Structures are given as C-alpha cells and as structure tokens.
Amino acid sequence: MRFGLFDSGVGGFTVLKKIIELCPNNSFIYLADTARLPYGVKTTNEIMKIAEEISLWFSYQNIDAFLVACNTTNAIALDVIKKNLDVPVFDLIGSAASTIKKSRIGVLATPSTVKTKAYTNAILEFKPKTFVIEQSCPEFVPMIEMDNINSEEICNAAYRYLQPLLKQKIHSLILGCSHYPLITPLLKQMVPSNVELIDPADALSLKLKLFMDSKVSNYSKNKNLVDLKFYVTSNLENFPNKAKHWLNVFPEVNLVSLQKKGCVS
Ligand code: DGL
C-alpha cells in the first residue's frame, strides 16, 4: 500500500519510523514543509492554509491512506485534510487519546497546539474524569531541527517546561509534537521513572496496522522492501543528511511547490 505523511520538518520521521516497524513492505511519500517551519507558532489561519495546500497536493499522489504526522495541523485543521482526501486519514491526537489509561496526564506540545486544547478535549471525550495539563514548548522544535539536542540550553528549556507538569503529579506524559520523541533520552532523565512517556505515533501505527490487516491479508514482513519518497518545500541540500541522521537512509529528495497543485518542480 502507499501512504502519505507530512510534517514541517524532521518531526514526522518519528511517526514514519514507528510505522515502518509495524507495517513494513509499503510505499511512503513523506513531505517536509521546510519552507514554513516551524508550524507551532503559526496562527489558525496560516495552519488551515497549509493543511489545504498539503492535502490537495497529496490528493494527486495516488495514496491509499494518509497519516497526519504533525500534531499542530492535527489540532487545528484535521477537518480540512479529511475534506480534501478521499482515503482514510489517521491522526495522532485522536489515536493517542483513545489509549489513555491513567488519570493525571501531562502534555508537551507546540504553542499553537496547546492553544486549541485539542489533547485535553480528545482525552476528556474518552475519559471524562481525567486531569489534563498542557504545556507549550516553543524552544524545542528549532533546537531539534538544528540537532541541538544535548546542550545546556535544551536541558534548561526542558526543565522549565516540565516543572509545572511534575508539580501536578502527572502519571503519563504525552509527547504532543512529533519532534519531541527525538529528545526522549533527555526527557526520560528529567521525569521520575514512574511517569510513563507516551508517543502518539505508537497508537497511530497500531490503528494503521489494524486497517492494513483488514485490507491486505498476506503482506511480506521484509523491511528491505520499504519504498520511501521524500519531498521538501525548501533546503533540498540539507534534507538527505537529516534523513541519514535520524532514519539511517540516504534518500533522493525532491523539491515541491505546493502552490502549483500536484506539480513537482
Ligand atoms: N512536528 C509538528 C508537530 O507535531 C510541527 C512542529 C513545528 O513545526 O513547530 O506539531
């Protein structure tokens, strides 16, 4: 099967990696909207426009299902994406919310995601008595994109972001931006070991696997058959190195212009 997924940059790699683990032997088209990174400080209108352009572009890519690998777009513009695509759409927020077991939940996410309270609302829909506290982390994405993930700067930011949540004695911590699983080792060092870290990509990939099992009965588990196509909206030169660094693949990357719907320039 052929899947489409996108993010502002390398964040969606964390989703792609989990899906390849669980659903190998498929084709993936990954679009990184690097020209407009970061998404997490953009307005609702800007994110709606981005979602419109990206989903229209994917509507020409002949995909069997679409994975929203960006929480910010998921929180603000899931309806826009669903409207433009006539294939099943799998999202991070709804998938994660449906698997929450504990009663005190912390969420780290981008400022634009936190503003929507999308995680709180989705969790309360499944478990109405849950206590949810959300924390916006504006400094994380730029630092992760620069691979500045071992510095004092990011440790200080993580400390500041985590304190309000830890004071509330959370049981689980949702990594509500797809970039954040890339700093899991840092976050693990900073939260007590009894706080479980939740990567929404786990729930999304499980849902996708169930979908695949219902569609394709006998697919090969040979990971070598994964077919990856990468597209970016800028910075074509840097992206293969980023893919090598985070995914251990050195793919061909194409530049795409989203304004010219469906056309690769
Ligand atoms: N990784 C995306 C998310 O999950 C976007 C982050 C950003 O570009 O600020 O929200």
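Residues numbered from 1 in each chain as written. Predicted model: local features only at pLDDT ≥ 70, side-chain atom pairs only at ≥ 80, totals over all residues. Heavy atoms only, no water.

(A) Expanded view of unusual backbone geometry. A cis amide bond links Leu 37 to the next residue, Pro 38, at an omega of -5°. Mapped onto the fold, Pro 38 is located in the loop between strand E2 (27-32) and helix H2 (44-58). Even without being glycine, Asn 25 reaches a positive phi, approximately 60°. Following the sequence through the fold, Asn 25 ends up in the loop between helix H1 (12-22) and E2. (Helix = DSSP H or I, 4+ residues; strand = E, 2+ residues; numbered from the N terminus.)

(B) Spatial organisation of the packing of aromatic side chains. Applying the stated criterion to the full structure yields 14 aromatic pairs. Seen from their ring centres, Trp 57 and Tyr 231 are 5.0 Å apart, and the 70° between their planes marks the pair as edge-to-face. Of this pair, Trp 57 sits in helix H2 while Tyr 231 sits in strand E9 (residues 227-232), and the two are 174 residues apart along the sequence. An aromatic cluster is defined as three or more aromatic residues linked by ring pairs; in this entry it consists of Phe 6, Trp 57, Phe 58, Phe 66 and Tyr 231. A cation over an aromatic ring shows up here: Arg 104 above the ring of Phe 131, its NZ or CZ 4.2 Å from the ring centre. Over the aromatic face of Tyr 161 sits the side chain of Arg 160, whose NZ or CZ is 5.8 Å from the ring centroid. (Phe/Tyr/Trp six-rings, centres within 6.5 Å; stacked < 30°, edge-to-face > 60°. Lys NZ or Arg CZ within 6 Å of the ring centre and 35° of its normal.)

(C) Local environment of the site of the ligand. With respect to spatial proximity, 13 residues lie near the ligand, and among them Ser 8, Tyr 39, Gly 40, Asn 71 and Thr 72 are the closest. Within the backbone of Ser 178, an N or O atom sits 2.8 Å from an oxygen atom of the ligand. Against a free-state accessible area of 300 Å², the protein chains account for coverage of 99% of the ligand. In terms of residue class, the shell around the ligand is made up of 5 nonpolar, 7 polar and 1 charged. (Near = heavy atom within 4 Å. Polar contact = N/O pair within 3.5 Å; in protein donor to acceptor, adjacent residues only side chain to side chain. Areas by Shrake-Rupley, 256 points an atom, 1.4 Å probe, with all protein chains shown as cover. Nonpolar A, V, L, I, M, F, W, Y, C, P; charged D, E, K, R; others polar.)

(D) Region of the structure containing the sheet that holds E2. Pairing is parallel in the open sheet, where 6 strands are placed in the order E4-E3-E1-E2-E9-E10. Looking at which strands have only one partner, the edges of the open sheet turn out to be strand E4 (89-91) and strand E10 (253-255). Between one strand axis and the next, the sheet turns by 20° as a mean value, whatever way the strands run. In terms of strand pairing, strand E3 (residues 65-68) meets E4 through 3 bridges, oriented parallel. Each residue of the ladder has a partner; that of Leu 67, found in E4, is Phe 90. Taken strand by strand, helix H3 (residues 71-84) contacts strand E1 (2-7), E3 and E4, and its axis lies near 170° from that of E4. Against the sheet, helix H10 (residues 200-215) makes contact with E1, E3 and E4, and its axis sits at roughly 155° relative to E4, the strand it touches most. (Pairing = 2+ DSSP bridges. Axes fitted to C-alpha atoms, helices over the stretch in contact; angles between N-to-C directions. Contact = heavy atoms within 4.5 Å.)

(E) Highlighting the pattern of salt bridges. Tallying each qualifying case throughout the model produces 11 salt bridges. Of the charged contacts, one joins Asp 213 and Lys 209 as a salt bridge, the two residues approaching to 3.0 Å between their closest N and O atoms. One end of the pair, Asp 213, and the other, Lys 209, are both in helix H10, 4 residues apart, so they sit about a helical turn from each other. Because the salt bridges share partners, they merge into one network encompassing Asp 33, Arg 36, Lys 49 and Glu 53. (Salt bridge = Lys/Arg side-chain N within 4 Å of Asp/Glu carboxyl O.)

(F) Representation of H2. Taking 1.5 Å as the rise per residue, H2 with 15 residues should run 21 Å; its terminal C-alpha atoms sit 21 Å apart, in good agreement. Taken as a whole, H2 has its buried residues at Ile 47, Ile 50, Ala 51, Glu 53, Ile 54, Ser 55, Leu 56, Trp 57 and Phe 58. Its buried side turned inward, H2 meets E1, E2, E3, H3 and E9. (Expected span 1.5 Å × (residues − 1). Buried < 20%, exposed > 50% of the residue type's maximum accessible area, 1.4 Å probe, protein only.)

(G) Local environment of the packing of H1 against helix H11 (residues 239-247). Direction vectors running N to C along H1 and H11 enclose 50°, while the axes themselves pass 11 Å from each other. Our classification of the angle between H1 and H11 gives oblique. When the axes of H1 and H11 are compared, the crossing they make is right-handed. Every residue of H11 that contacts H1 at Phe 13, Leu 16 and Lys 17 is listed here: Phe 239, Lys 242, Ala 243, Trp 246 and Leu 247. Residue composition of the contact of H1 with H11, grouped by class: 6 nonpolar, no polar and 2 charged. (Parallel < 35°, antiparallel > 145°, perpendicular 65-115°, else oblique. Left-handed = near helix turned anticlockwise from the far one by under 90°.)

(H) Expanded view of the environment of Pro 200. Its location among the elements puts Pro 200 in helix H10. Taking the relative accessible area as the measure of exposure, Pro 200 reaches 2% and is therefore buried. Expressed as a C-alpha distance, the spacing of Pro 200 and Leu 92, which sit 108 residues apart in the sequence, is 5.4 Å.

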